[in-house]
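# Chain and residue survey
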Amino acid sequence: MTDQERSEEKSECVSLSPMREAVPAPPECERVCVFGTGDLGLSLGLRLLQAGYRVVFGSRRPRSSLLLHGAQVLGHAAAAQSALLIFIAVQREHYDFLVPLANQLKGKVLVDVSNNLRKNQYPEANAEYLQSLVPGAEVVKGFNTLSAWSLQNGPIDANRQVYICGDSVEAKQVVMAVATKLGLSALDQGSLSVARELEDFPLQLFPQWRLPLRIAIGLSAAFFFYLLIRDIMYAYVTQGEDISFRIMVSLANQVCPIVSLIMLSLCYLPGVLASFLQLYRGTKYRRFPNWLDSWMLCRKQLGLLSLGFAFLHVLYTLILPIRYYLMFWVTEHTVSLIRENRTTTFDTTTAWRGDSYLSLGILGFGLYVLLGITSLPSISNVLSWREFSFVQSKLGHLTLLLCTAHTYLYGWNRFLSSSIYKWYTPPGYMLCLVLPSVVLLLKLLLITPCVDRTITRIRQGWERGADQRNPKDSQPLIP
Amino acid sequence: MTDQERSEEKSECVSLSPMREAVPAPPECERVCVFGTGDLGLSLGLRLLQAGYRVVFGSRRPRSSLLLHGAQVLGHAAAAQSALLIFIAVQREHYDFLVPLANQLKGKVLVDVSNNLRKNQYPEANAEYLQSLVPGAEVVKGFNTLSAWSLQNGPIDANRQVYICGDSVEAKQVVMAVATKLGLSALDQGSLSVARELEDFPLQLFPQWRLPLRIAIGLSAAFFFYLLIRDIMYAYVTQGEDISFRIMVSLANQVCPIVSLIMLSLCYLPGVLASFLQLYRGTKYRRFPNWLDSWMLCRKQLGLLSLGFAFLHVLYTLILPIRYYLMFWVTEHTVSLIRENRTTTFDTTTAWRGDSYLSLGILGFGLYVLLGITSLPSISNVLSWREFSFVQSKLGHLTLLLCTAHTYLYGWNRFLSSSIYKWYTPPGYMLCLVLPSVVLLLKLLLITPCVDRTITRIRQGWERGADQRNPKDSQPLIP
Amino acid sequence: MTDQERSEEKSECVSLSPMREAVPAPPECERVCVFGTGDLGLSLGLRLLQAGYRVVFGSRRPRSSLLLHGAQVLGHAAAAQSALLIFIAVQREHYDFLVPLANQLKGKVLVDVSNNLRKNQYPEANAEYLQSLVPGAEVVKGFNTLSAWSLQNGPIDANRQVYICGDSVEAKQVVMAVATKLGLSALDQGSLSVARELEDFPLQLFPQWRLPLRIAIGLSAAFFFYLLIRDIMYAYVTQGEDISFRIMVSLANQVCPIVSLIMLSLCYLPGVLASFLQLYRGTKYRRFPNWLDSWMLCRKQLGLLSLGFAFLHVLYTLILPIRYYLMFWVTEHTVSLIRENRTTTFDTTTAWRGDSYLSLGILGFGLYVLLGITSLPSISNVLSWREFSFVQSKLGHLTLLLCTAHTYLYGWNRFLSSSIYKWYTPPGYMLCLVLPSVVLLLKLLLITPCVDRTITRIRQGWERGADQRNPKDSQPLIP
Ligand SMILES: Cc1cc2nc3c(=O)[nH]c(=O)nc-3n(C[C@H](O)[C@H](O)[C@H](O)COP(=O)(O)OP(=O)(O)OC[C@H]3O[C@@H](n4cnc5c(N)ncnc54)[C@H](O)[C@@H]3O)c2cc1C
Ligand SMILES: Cc1cc2nc3c(=O)[nH]c(=O)nc-3n(C[C@H](O)[C@H](O)[C@H](O)COP(=O)(O)OP(=O)(O)OC[C@H]3O[C@@H](n4cnc5c(N)ncnc54)[C@H](O)[C@@H]3O)c2cc1C
Ligand SMILES: Cc1cc2nc3c(=O)[nH]c(=O)nc-3n(C[C@H](O)[C@H](O)[C@H](O)COP(=O)(O)OP(=O)(O)OC[C@H]3O[C@@H](n4cnc5c(N)ncnc54)[C@H](O)[C@@H]3O)c2cc1C
């Protein structure tokens, strides 16, 4: 027992001190086989050795290669026979060498750790292909989200969790036990048909963020140039003034809130459109058009990006008073008041407007942050469906309302003064009010009692015209 | 194999493109039965079809209804016999139609997806009632936290996770496999006795937040009116001045910190009271009174709400210098200095006080945020018990101390000047200092060595008087 | 059935109202045995009673002790025989009383709930020792992360989740079922060999944070004294001015950004060093030296602490304009302008510099926060390996670049003016630029195409000199 204990001790330390010298495991340890001596195969073998397993590599030329101190190298057939668990760390193209081994592999657990270079590279998942080649074995897909590097170095944070899938519960349990010993926590994702999803997982770099990011960048660029021309070029052309320094803060602080508000309304527009579509169709049992579907599926990302812009807007606003520019002009203003012996009077309306404008912005931002917090996976998981949609839908529309009102108060009566339409273009904050106003108006329509009643019934499954439906002319709901 | 592969492919896409046209599944697919053709039944059927299952609806009038393109409709008995897994998507009142089907349902897995309209509507959980009606079948409760809508549209974030429970492990595994295919992750919550909890889950809208929210709203309203009268009405009545614009920022920025500090002390008061109660009783093995119990159970929510108010306070404070009001008076002040040819001298004490006041506030807020972060489920789950209570208890009291000191420094020597007691009422920040001061004093008492020793022993299970207890007059600890 | 239902109802409420009077459970309830009548044993028994179990305490003197109203007390042997599940709540030193009970314990599930006082107190885990004493029983380790207190009071947040491990899957399922009934969620961590890790878990108080915290405190103290002498003492000694009030905000606002920037570069330095080491060695299959290993393993904590300091820096900066000090000097400045009849001109270069400096800081802080958000466990778990390292590595270096540029712009041309070298020492911001500049330079070297190509190949498993390796003189990769 003492021997085993000591080996256990070692296996636990592994997760902390990676890449330690592998020592031969004591004889009573479990044997695991690794096919493939590439980067991943070696790393896997090393890690298994460290965890106290006896490792057998399967190789075409067994005698030639002394790979890891402590690991055995055998021919494919012998290696396959020596262990219950076999990691297949070779590329899919070479899987067919396993076909002649069908006899030795019968009843064995094969772990397919392979990845592809791009999505849909092959008609079926690698693991399913492997299973079809060796129907007698139990194939488990897994570990493919790990890089060879993180196997050697102890898993980093994003890698503690590995996903596995397979058709045999027992086989999965064998694999999970090994995962646990390696310091990983394996999550069973279901049957082998999930394998393709697992194989695609490491290929993606924020796939759902692409469209929202492009929208954000596009909008930012467009408004940046618009404001650059309207504010800075205009001043230069008409008054010969160089106020280019305003790009860094003033311009940024215009672009951020504009993009944020537009993206926030883009986040709530599809929901409103969907409601009208349902009203128009009189049923909820018909699919939305594709563009609406994909739009609705990226609302989370749209919302979080718009929160990011709002956050920058807040920071840019808060540093205003420590800018040289502002400090200079405040002093200048006071000095000129005295030199010209003018007096100013306190204007209560301006105070009301200014304070309301700031207060609405603060409350809006507070709700914004709340939306962001509830969209953290660990929070949204503990919320019930009603709670989540209360926050996201109800409070979300309230956020939009507050932020829109904030912008209107910012504009105030300047909307009417013609002097602000430089070169006949409206200022940025005016442009960005269009979309949110439309969304809010449409939403207002939707919550008027009569419309609301219809939409509620439709959402509960009621269909216009369906009441009179009789058995004879019944139509399938989904054609 | 290729046919099946293609069908697998489809089933995976489902989670992304909802509401797609359902096509008849290939013949080798598993068969699933759905009883009930209401909103939820239809949505379930549709989703199952999309995931590649063959769906059979059980109906009273099988011939009449052609429900979903690709789904079969049979009589109840025939439908029950056709599949192992049967979703019961009818209302509890109609469950008794299942009694005559007892024979066909023997050994089948029945999934109870029902919900109630309110808590405790029936003496026992629907799923338990179902089990009692059909004792031969294996009832699994589950999927009831999903809305029909999210079934059709692919689960939204709060809905990826579904909870199931049941007495048969095998039955639960069958259900979990289906859940995984539908793109959901099912969590096994234990035996069927948990069903009631699952049935109550979708009914609740932030049940634990109600009391803290009411306290927050009550306190905010009370202090709002108090300050409205004391500051704004007072100025109007005694000096005829209209400073009503101060409501938006100045007043809000008084209410927020006051409510925040009071709620923070409400968060640490019950712990102190509990300690004194334990000291007084000389044991920890007696239940706290009900009010103390429920108070202690909503401390998390109290704390998070008070963090919210603190956050608003920070924002309101930071925008002070860009308010028209402040800018106006700073200019005015400078102008008057010059016109009246006065000079000012820099007062080091004021500078010390002001800077300390700000610095304490910043540090307090930093700790506040830290408390908030550790109360995120994903963080508190990776903390050990000692770590969590170190942060929440030790650093929590430190936060309270810093915030209280911040408020005292804000008041400074104004506490003594009688001019601030307008209409004989103390200013808001003075009122809100009472509770935190009491909590801190009591806590100070508790950590004096002699009291601390006793409380520590009590917490370790020691009981006053228990040492002499002898076998004869032993009393049950809990009467 | 009704009886049972009622008891079920009670068991569910338990998690909300702790410490309720325990009532004898109805006879059809499951029986659970607890050995040990200390604090933990009693608390466990109480909680089990509340959850509807029948509890049997095993005691040396069964007649003497009437412990909990509703619980039975039997001799050890009788108690052991009465139930399948036995909690061992005695200290490891007394485990040997179980040896004579070997017969009665055969096939029983023993739950070892013990903890030790310090790490590595015994050569093997308590649970493994228990298993060796009673080989016929199934030992499961678990519940040891709960305190007796939280058992009585319903689990608090950090305690909902309990970890169990054991060699028998059935035994673990029995234990998990009980855990679920007690309102806990049990996570299976694998075989009994994990027990030591579970036993160490409650002993640790932020073990991974120690080194980073010490670095942070050390750096803060060093820079605090450095700046205290250089700024405040210097002013006092050379000009007799007392500017000690600056400690609270000005000094703090210098220490925070300095420590933050240094710790951020400490966070990216080891990665760069590791790359150079790999380049030099020409392989990635050799272990890094110990110091580099442990350094790399605390980068997360280093990074999060530096984010904390950056957060304080932001707050300290934003409150600058409401400081008495600043407001005084702004007024003073204006007054003197007028009295001395000076005029100022707006300097575009200063405006550019100031605004760029602020803007870079804001963007840097935004990225900083993003890094912090992705390091939340619930976020990093949903990111793939590529996504996580894209954010942490690519955006992390960008953050370092922005923050370093922010500091350079802050210094601007002051680097050259000799007047700032008071007492021949450079100002703090200059000192703190050394490390980040070095890290960025080295990183720049690494991403030059030729170096990058080599390092990429090395990371893919290529080894310098390995190409010519022939079977005969092959060396084990890990010596
Ligand atoms: C900071 C921030 C974070 C965000 N995080 C998330 C996030 O984590 N996850 C997320 O999904 N979104 C997120 N969003 C986006 C947005 O808040 C949500 O998508 C929100 O739910 C949209 O609400 P809605 O009322 O417009 O749409 P929905 O509630 O989706 O409703 C849209 C339409 O769908 C139909 N419909 C809705 N419910 C039903 C029903 N029960 N029966 C029948 N038909 C129905 C109706 O036609 C309805 O009008 C976030 C936004 C922000 C600003
Ligand atoms: C921003 C913020 C977030 C918060 N998040 C959370 C959260 O997520 N979860 C949460 O629970 N609270 C949360 N809180 C509330 C608060 O921080 C915690 O409840 C904190 O643990 C209270 O500490 P305490 O020392 O007053 O109470 P406790 O540590 O609960 O102690 C209270 C009393 O219970 C008894 N007691 C405690 N431990 C023992 C023991 N081992 N043995 C015997 N008796 C004992 C003693 O009598 C003690 O005085 C939050 C607060 C804030 C401000
Ligand atoms: C706010 C904040 C939060 C943070 N949170 C975290 C966190 O949660 N988790 C965390 O780990 N860090 C965290 N960090 C620290 C830091 O961001 C990360 O450690 C980051 O990954 C370091 O990047 P790097 O490129 O320097 O190092 P790495 O990506 O670790 O690379 C270091 C070296 O290892 C070697 N190497 C790396 N990858 C491979 C490979 N595939 N094959 C072979 N060799 C390789 C190379 O020699 C490389 O130079 C955080 C930092 C901050 C500021």
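No experiment lies behind these values; they were computed from the predicted model shown.

Put simply, an interface is often sized by how much accessible area is lost when its parts join up. On the chain A side, the residues contacting the 71 residues of chain B number 74 residues. Between chain B and chain A, roughly 6,300 Å² of surface is buried when both sides are summed, and carbon and sulfur atoms account for 67% of that area. The tally of links from chain B across to chain A stands at one salt bridge. A salt bridge links Asp-355 of chain A to Arg-323 of chain B; the nearest nitrogen and oxygen atoms lie 2.7 Å apart. Joining chain B to chain A, the criterion identifies seven residue pairs in polar contact (both at pLDDT 80 or more). Elements with a contribution of two residues or more to the side of chain B that touches chain A: helix H1 (2-13), helix H2 (39-50), helix H6 (148-153), strand S7 (161-166), helix H7 (169-181), helix H12 (299-318), helix H13 (324-339) and helix H15 (377-380) of chain B. In terms of residue count, the dominant contributor to the side of chain B that touches chain A is H13 of chain B (10 residues). Its residues placed into classes, the side of chain B that touches chain A shows 40 nonpolar, 18 polar and 13 charged.

Superposition of chain B onto chain A requires a rotation of 120° combined with a translation of 0.0 Å along the rotation axis, giving an RMSD of 0.1 Å. Both chain copies can therefore be described as sitting about a three-fold axis. No C-alpha of chain B approaches the rotation axis more nearly than that of Ser-378 of chain B, which lies at 3.3 Å. Interface residue correspondence from chain B to chain A reaches only 8%, placing this contact among heterologous pairings that use different surfaces.

To continue, consider the interface of chain C and chain A. Contacts between the two partners involve 74 residues from chain C and, on the opposite side, 71 residues from chain A. For the pairing of chain C and chain A, the buried interface totals around 6,300 Å² over both sides, and the portion due to carbon and sulfur atoms is 67%. Interface area lost by chain C to chain A is led by Phe-346, Ile-362 and Trp-385 of chain C, which between them contribute 11%. Joining chain C to chain A, the criterion identifies one salt bridge. Counting only elements with at least two residues in the side of chain C that touches chain A, the list comes to helix H5 (126-133), helix H8 (195-200), helix H11 (290-297), helix H12 (299-318), helix H13 (324-339), helix H14 (348-374), helix H15 (377-380) and helix H16 (385-411) of chain C. No other element matches H14 of chain C, which puts 13 residues into the side of chain C that touches chain A. Tallied by class, residues from the side of chain C that touches chain A come to 33 nonpolar, 26 polar and 15 charged.

For the coordinates displayed, the defined rule picks out 19 salt bridges over all chains. Asp-112 of chain B is the partner of Lys-141 of chain B in a salt bridge, and the nearest nitrogen-oxygen pair spans 2.8 Å. With Lys-141 of chain B in strand S6 (residues 138-142) and Asp-112 of chain B in strand S5 (residues 109-112), this pair connects stretches of sequence that are 29 residues apart. For the pair Lys-141 of chain B and Asp-112 of chain B, a shared accessibility class is recorded, and that class is buried. If you follow the salt bridges from partner to partner, you end up with Asp-112, Lys-141 and Glu-199 of chain A in one network.

Attention now moves to the pairing of strand S6 (residues 138-142) of chain C. Residue and element names in this part refer to chain C. Burial runs high along S6: four of the five residues are buried. Note that strand S5 (residues 109-112) and S6 share four bridges and pair parallel. When the sheet's bridge partners are listed, Leu-110 is paired in S6 with Val-139. Between the parallel elements S5 and S6, the chain passes through H5 in a crossover that is right-handed. Two elements, S6 and strand S7 (residues 161-166), share three bridges in a ladder whose sense is antiparallel. By the bridge assignment for S7, Val-140 is matched with Gly-166.

This brings us to the sheet that holds strand S4 (residues 85-88) of chain C. Residue and element names in this part refer to chain C. Across the sheet, eight strands lie side by side as S3-S2-S1-S4-S5-S6-S7-S8; this open sheet has mixed pairing. Taken across any chain shown, the strands that pair with only one partner, and hence form the sheet edges, are strand S3 (72-75) and strand S8 (185-188). When the angles between neighbouring strand axes are averaged without regard to direction, this sheet yields 30°. Relative to S4, strand S1 (residues 31-35) is paired through four bridges, and the arrangement is parallel. Each residue of the ladder has a partner; that of Phe-35, found in S4, is Ile-88. H5 rests against S4, S5 and S6 of the sheet, and its axis sits at about 165° to S6.

Right, let's talk about the environment of Tyr-285 of chain A for a bit. Residues and elements named next belong to chain A. Examined against the element boundaries, Tyr-285 turns out to sit in the loop between helix H10 (252-281) and helix H11 (290-297). You can call Tyr-285 buried: its relative accessible area is 3%. Distance from Tyr-285 to Arg-118, taken between C-alpha atoms, is 35 Å for residues 167 residues apart in sequence.

Below, the discussion takes up the environment of Arg-323 of chain A. Here Arg-323 of chain A is to be found in the loop between helix H12 (299-318) and helix H13 (324-339). Among the residues examined, Arg-323 of chain A registers a relative accessible area of 3% and is labelled buried. On a C-alpha basis, the gap between Arg-323 of chain A and Val-249 of chain A in space is 9.1 Å, while along the polypeptide they are 74 residues apart. For Arg-323 of chain A, the residues in contact, after removing those within four places along its chain, are Phe-245, Val-249 and Ser-250 of chain A together with Asp-355 and Leu-358 of chain C.

Residue and element names in this part refer to chain C. The alternating pattern of S5 places Val-109 and Val-111 on one face and Leu-110 and Asp-112 on the opposite face, and all of these are buried. Here four bridges tie S4 to S5, and the two strands are oriented parallel to one another. Note on S5: the bridge partner recorded for Ile-86 is Leu-110.

Another aspect to go through is the environment of Ile-338 of chain B. Residue and element names in this part refer to chain B. With respect to the helices and strands, Ile-338 occurs in helix H13. On the accessibility criterion, Ile-338 (15% relative accessible area) is buried. Separated by 80 residues in sequence, Ile-338 and Ile-258 place their C-alpha atoms 38 Å apart.

Attention shifts here to the domain arrangement of chain A. Along its sequence, chain A is carved into domain 1 (3-203) and domain 2 (210-464). Taken over C-alpha atoms, the centre of domain 1 of chain A sits 51 Å from the centre of domain 2 of chain A.

All names here are of chain B. For Phe-143, which is not glycine, the phi torsion reads 65° and is therefore positive. Along the chain, Phe-143 falls in the loop between S6 and H6. With a relative accessible area of 3%, Phe-143 lands in the buried category.

Our focus in this paragraph is helix H5 (residues 126-133) of chain B. The buried fraction of H5 of chain B amounts to six of the eight residues, a majority that puts the element mostly inside the structure. Looking only at H5 of chain B, the buried set comprises Asn-126, Ala-127, Glu-128, Tyr-129, Leu-130 and Gln-131 of chain B.

Rules used throughout
- Residues numbered from 1 in each chain as written.
- Chains lettered and ligands numbered in written order.
- Predicted model: local features only at pLDDT ≥ 70, side-chain atom pairs only at ≥ 80, totals over all residues.
- Heavy atoms only, no water.
- Contact = heavy atoms within 4.5 Å.
- Buried area = accessible area lost by both parts, 1.4 Å probe.
- Salt bridge = Lys/Arg side-chain N within 4 Å of Asp/Glu carboxyl O.
- Polar contact = N/O pair within 3.5 Å; in protein donor to acceptor, adjacent residues only side chain to side chain.
- Helix = DSSP H or I, 4+ residues; strand = E, 2+ residues; numbered from the N terminus.
- Nonpolar A, V, L, I, M, F, W, Y, C, P; charged D, E, K, R; others polar.
- Least-squares fit on C-alpha atoms with pLDDT ≥ 70 in both.
- Buried < 20%, exposed > 50% of the residue type's maximum accessible area, 1.4 Å probe, protein only.
- Pairing = 2+ DSSP bridges.
- Right-handed = clockwise from strand over helix to strand, strands pointing away.
- Axes fitted to C-alpha atoms, helices over the stretch in contact; angles between N-to-C directions.
- Domains from an automatic or database assignment.

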